Amino acid sequence: MSFEQAADLLDQLAEPFPEALFDGLNGGVNVLEEAVPDPEFPAGEMYILGEYCDDLLGRYINLYYGSFAALAEKEGWTEEQWAEELRKTLSHELTHHMEARGGLHALDDKDAEELAAWRAEYGESR
């Protein structure tokens with residue numbers, strides 16, 4: 001799937017989400033071309049698909065097309081799998097946004113637990 005196709009698909013996938021989820025997201029949802037390998041894992045093992053940002057530039061979500069493309073190639077995704085991964089990642093990052101607005105951090109805690117488990121699993125399999 002090309003960058004343009006993925007960006008168009010993301011626009012379609014975002015339409016059914018309630019508009020209220022995007023309130024306060026003044027930097028919007030951005031699809032960036034680069035792949036972002038997780039620096040805590042060997043190259044090609046783990047990618048960052050998206051991130052919620054709340055900084056001097058505002059509140060925004062970045063989704064990394066190159067990370068999706070690298071995983072799609074590695075795992076042989078169909079177009080339906082691309083759509084599902086984009087939808088899940090957008091939903092995940094919107095949840096971070098809503099929790100941040102409410103002063104909550106349950107998803108941050110869950111993400112940290114999952115990363116710790118993956119690190120432990122990877123360390124055991126080496």
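The structure we're discussing is the one just above.
Residues numbered from 1 in each chain as written. Predicted model: local features only at pLDDT ≥ 70, side-chain atom pairs only at ≥ 80, totals over all residues. Heavy atoms only, no water.

## Some points on helix H3 (residues 79-102)
Spanning 24 residues, H3 covers 35 Å between terminal C-alpha atoms, matching the ideal 34 Å at 1.5 Å per step. Of the residues flanking the end of H3, it is Gly-103, one or two places downstream, whose phi is positive at about 75 degrees. (Helix = DSSP H or I, 4+ residues; strand = E, 2+ residues; numbered from the N terminus. Expected span 1.5 Å × (residues − 1).)

## Looking at the packing of helix H1 (residues 3-14) against H3
In contact at an axis separation of 10 Å, H1 and H3 are set at 60 degrees when each is read in the N-to-C sense. The angle between the axes of H1 and H3 places the two elements in the oblique class. The two elements H1 and H3 meet at a crossing, and its hand is right-handed. Where H1 approaches H3, its residues Ala-6, Leu-9, Leu-10, Leu-13 and Ala-14 are matched on the opposing element by Trp-82, Ala-83, Leu-86, Arg-87 and Leu-90. When the residues that make up the contact of H1 with H3 are grouped by side-chain class, the tally is nine nonpolar, no polar and one charged. (Axes fitted to C-alpha atoms, helices over the stretch in contact; angles between N-to-C directions. Parallel < 35°, antiparallel > 145°, perpendicular 65-115°, else oblique. Left-handed = near helix turned anticlockwise from the far one by under 90°. Contact = heavy atoms within 4.5 Å. Nonpolar A, V, L, I, M, F, W, Y, C, P; charged D, E, K, R; others polar.)

## Concerning the side chain of Glu-93
Mapped onto the elements, Glu-93 comes out in helix H3. It is Lys-110 that comes nearest to the buried, bridge-free Glu-93 among opposite-charge side chains, at 12 Å. Leave out the neighbours within four places in its chain, and Glu-93 touches Gly-50, Glu-51, Tyr-52, Ile-61 and Leu-63. (Buried < 20%, exposed > 50% of the residue type's maximum accessible area, 1.4 Å probe, protein only. Lys, Arg positive; Asp, Glu negative; His and termini not counted. Salt bridge = Lys/Arg side-chain N within 4 Å of Asp/Glu carboxyl O.)

## Overview of the pattern of salt bridges
Taken as a whole and assessed by the stated rule, the structure comprises four salt bridges. The shortest N-O distance in the salt bridge between Arg-119 and Glu-40 comes to 2.4 Å. You can see Arg-119 sitting in helix H4 (residues 106-125) and its partner Glu-40 sitting in the loop between strand E1 (29-32) and strand E2 (50-55), a full 79 residues away along the chain. Where Glu-85 meets Lys-88, a salt bridge forms, and the shortest distance between an N and an O atom there is 3.3 Å. Of this pair, Glu-85 and Lys-88 both sit in helix H3, three residues apart, roughly one helical turn.

That is the geometry; function is a separate question.
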